[in-house]
Amino acid sequence: MLTRALRYRFGGYDSAVRLGDEQLLRQNADLRGLVVWDENTASLLAPLHHLPSAVVPPGERTKSIDTVAELLERCVQESLERDSTIVAVGGGVVCDVAALVASLYMRGTRLVLVPTTLLAMVDAALGGKTGVNFSGYKNLVGTFYPAEQIFIVPSVLDTLPQREYLSGLAEVIKTAMLGDPELFELLDQRAEAVLAREPAVLEELILRSVAVKGQIVQQDFTERGGREWLNLGHTFAHALESVAGFEGWTHGEAVAWGIAQALRCGERAGITDPAYAETAIGLLRRYGFRCKIEDVSPHALIDAMQRDKKARGGRVRFVLQRRPGETELRELNPQIVRSVLMGS
Ligand SMILES: NC(=O)c1ccc[n+]([C@@H]2O[C@H](COP(=O)([O-])OP(=O)(O)OC[C@H]3O[C@@H](n4cnc5c(N)ncnc54)[C@H](O)[C@@H]3O)[C@@H](O)[C@H]2O)c1
């Protein structure tokens, strides 16, 4: 497979993304440091197996200060130095926690991310947000610390369960809505190939999504204006995750539902073009995402949104779209949000 490369400058950091096969890692076999995997990813990517490694349990619970402390302890045991490399091999959970450790140990070691879920390839590994959950809040504690290198090896997705693959696809759909009409069309026209993970289609999905996110983050690394767009659907999604629990919904399923709510709210507020809302919700449905739920209380969802760490004094700002690629941040009349959530 041909190696494809994209380069970014996020804040003061250079970040290179390379997409290819396992050869990519062989060429970098002189990596010295610690590899962090989870139990489901530790058997992947043989070229990294000779390095000292720390295996963490899979799942969102691993994104904790306790894991950070354990991994820092391992860094000490392995006598890592500032120019040693922490290599994360896993989904968003492993990438987020290992990147936080890399940013803290000796005020920053070198960092390489090897994302192994679609979600981490198209979203979590790029852009430098590290973090763990704290005191009941998702990603409350973290740093901005981009990886020097991100190696994307799409063939590792062969073992990824379909539900996790779909979770990543929700973020791909979001990315297409934000900044790539051709990607939107590809998702629309080639759904079967996308769902079957046809290699050429997969590669295109990943590269196009990385390109959109990379450009947005390059313009606004520390989220002061523009990067918030990447949170399209996320205010609703985080509320759903906190009310319904992380077990019932994958992050992507919650995001897909959240995007549908944002479109409906935007439509009612006279912002979103109704035809666009229909088309985008139709696409989400085509991929099997639930766009409507009856079994979660709208009041509990609104309450959770007001408690969200991004709400300012209980006032929530939503990422809304007028049409493809036209995105804005707005407060919404609570009546509108309530009526959309109640399905009326
Ligand atoms: N830093 C960011 O910018 C950013 C952006 C989006 C999401 N996130 C974070 O990412 C996390 C979600 O990431 P995720 O969806 O990748 O979840 P995850 O890391 O929990 O991975 C999902 C599951 O897939 C397993 N898995 C991973 N790769 C596999 C493979 N190749 N084969 C088989 N199983 C595999 C994992 O062990 C896990 O059980 C959340 O914590 C979210 O906050 C961060």
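Note that the coordinates shown come from a computational prediction; the quantities given were computed from them, not determined experimentally.

A.B. asks: Describe the site of the ligand, listing the residues and the values that go with them.
C.D. replies: Around the ligand there are 25 residues in total, and Asp38, Gly92, Thr116, Thr117 and Thr159 lie nearest to it. Within the side chain of Asp96, one N or O atom sits 2.9 Å away from a nitrogen atom of the ligand. Here Val156 contributes a backbone N or O atom positioned 3.0 Å from a nitrogen atom of the ligand. Listing elements by their share of the shell around the ligand, those giving two or more residues are α3 (92-104), α4 (118-124) and β8 (137-141). Looking at the shell around the ligand residue by residue, the classes come out as eight nonpolar, eight polar and nine charged.

A.B. asks: Tell me about a nonpolar patch on the surface, and please be specific about residues and values.
C.D. replies: Among the surface-exposed residues, Ile65, Phe134, Tyr137 and Leu140 lie close enough to one another that they form a single nonpolar patch of about 330 Å² accessible area. On the secondary structure map, Ile65 appears in helix α2 (residues 65-77). The exposure class of Ile65 is partly exposed, given its relative accessible area of 37%.

A.B. asks: Break down empty space enclosed by the protein for me, with residues and values.
C.D. replies: Vacant regions in the atomic arrangement are exposed by a probe of water-molecule size rolled over the atoms. Applying the stated criterion across every chain yields a total of one cavity of 30 Å³ or more. Forming the walls of the largest cavity are Cys95, Asp96, Ala99, Leu113, Ala124, Ala125, Gly128, Lys129, Thr130, Tyr145, Pro146 and Ala147. If you tally residues by element for the lining of the largest cavity, the top one is α3, at three residues. For the lining of the largest cavity, the class distribution of residues is eight nonpolar, two polar and two charged.

A.B. asks: Explain the packing of aromatic side chains to me, using residue names and the numbers behind them.
C.D. replies: Applying the stated criterion across every chain yields a total of seven aromatic pairs. Seen from their ring centres, Tyr8 and Phe10 are 5.4 Å apart, and the 5 degrees between their planes marks the pair as stacked. Residue classification places Phe10 among the buried positions, given a relative accessible area of 0%. Ring pairing ties together the aromatic residues Tyr8, Phe10, Tyr13, Phe144, Tyr145 and Phe221, which thus form one cluster. Over the face of the ring belonging to Tyr165 we find Arg197, whose NZ or CZ atom lies 4.4 Å from the ring centre.

A.B. asks: Summarise the side chain of Ser64; cite the residues concerned and give the values.
C.D. replies: If you trace the backbone, Ser64 turns up in the loop between β4 (53-56) and α2. Setting aside residues up to four positions removed in sequence, Ser64 forms contacts with Val97, Val132 and Asn133.

A.B. asks: Could you give an account of the pairing of strand β10 (residues 317-323), with specific residues and numbers?
C.D. replies: Note: β10 against strand β11 (residues 326-331), six bridges, orientation antiparallel. Following the sheet pairing, Arg323 is matched in β11 by Glu326.

A.B. asks: Go over the packing of helix α5 (residues 162-179) against helix α6 (residues 181-189), please, and point to the residues and values.
C.D. replies: For the pair α5 and α6, interaxial distance at closest approach is 7 Å and the crossing angle is 135 degrees. Put simply, α5 runs oblique to α6. For the pair α5 and α6, the crossing hand works out as left-handed. Counting all contacts with α5, which are made through Leu169, Val172, Ile173, Ala176, Met177 and Gly179, the residues of α6 involved are Pro181, Leu183, Phe184 and Leu187. Among the residues forming the contact of α5 with α6, the class breakdown is nine nonpolar, one polar and no charged.

A.B. asks: Kindly report on the sheet that holds strand β9 (residues 149-152), identifying the contributing residues and their values.
C.D. replies: Taken in spatial order, the seven strands line up as β1-β2-β9-β6-β5-β3-β4 in an open sheet, and their pairing is mixed. Pairing within the sheet leaves two strands with one partner each, and these edge strands are β1 (4-10) and β4. Adjacent strand axes in the sheet meet at a mean angle of 15 degrees, parallel and antiparallel pairs treated alike. Here strand β3 (residues 33-38) pairs with strand β5 (residues 85-90) via five bridges, running parallel. Bridge pairing links Leu34 to Ile86 in β5.

Calculation criteria
- Residues numbered from 1 in each chain as written.
- Predicted model: local features only at pLDDT ≥ 70, side-chain atom pairs only at ≥ 80, totals over all residues.
- Heavy atoms only, no water.
- Near = heavy atom within 4 Å.
- Polar contact = N/O pair within 3.5 Å; in protein donor to acceptor, adjacent residues only side chain to side chain.
- Helix = DSSP H or I, 4+ residues; strand = E, 2+ residues; numbered from the N terminus.
- Nonpolar A, V, L, I, M, F, W, Y, C, P; charged D, E, K, R; others polar.
- Patch = residues over 30% accessible without salt bridge, like charges linked within 9 Å, V, L, I, M, F, W, Y side chains within 5 Å.
- Areas by Shrake-Rupley, 256 points an atom, 1.4 Å probe, with all protein chains shown as cover.
- Salt bridge = Lys/Arg side-chain N within 4 Å of Asp/Glu carboxyl O.
- Buried < 20%, exposed > 50% of the residue type's maximum accessible area, 1.4 Å probe, protein only.
- 1 Å grid on protein atoms, 1.4 Å probe; cavity = no way out; pocket = protein on both sides within 12 Å on 5 of 7 lines; lining within 4 Å.
- Points joined across faces, edges and corners; volume = space filled by probe spheres on them.
- Phe/Tyr/Trp six-rings, centres within 6.5 Å; stacked < 30°, edge-to-face > 60°.
- Lys NZ or Arg CZ within 6 Å of the ring centre and 35° of its normal.
- Contact = heavy atoms within 4.5 Å.
- Pairing = 2+ DSSP bridges.
- Axes fitted to C-alpha atoms, helices over the stretch in contact; angles between N-to-C directions.
- Parallel < 35°, antiparallel > 145°, perpendicular 65-115°, else oblique.
- Left-handed = near helix turned anticlockwise from the far one by under 90°.

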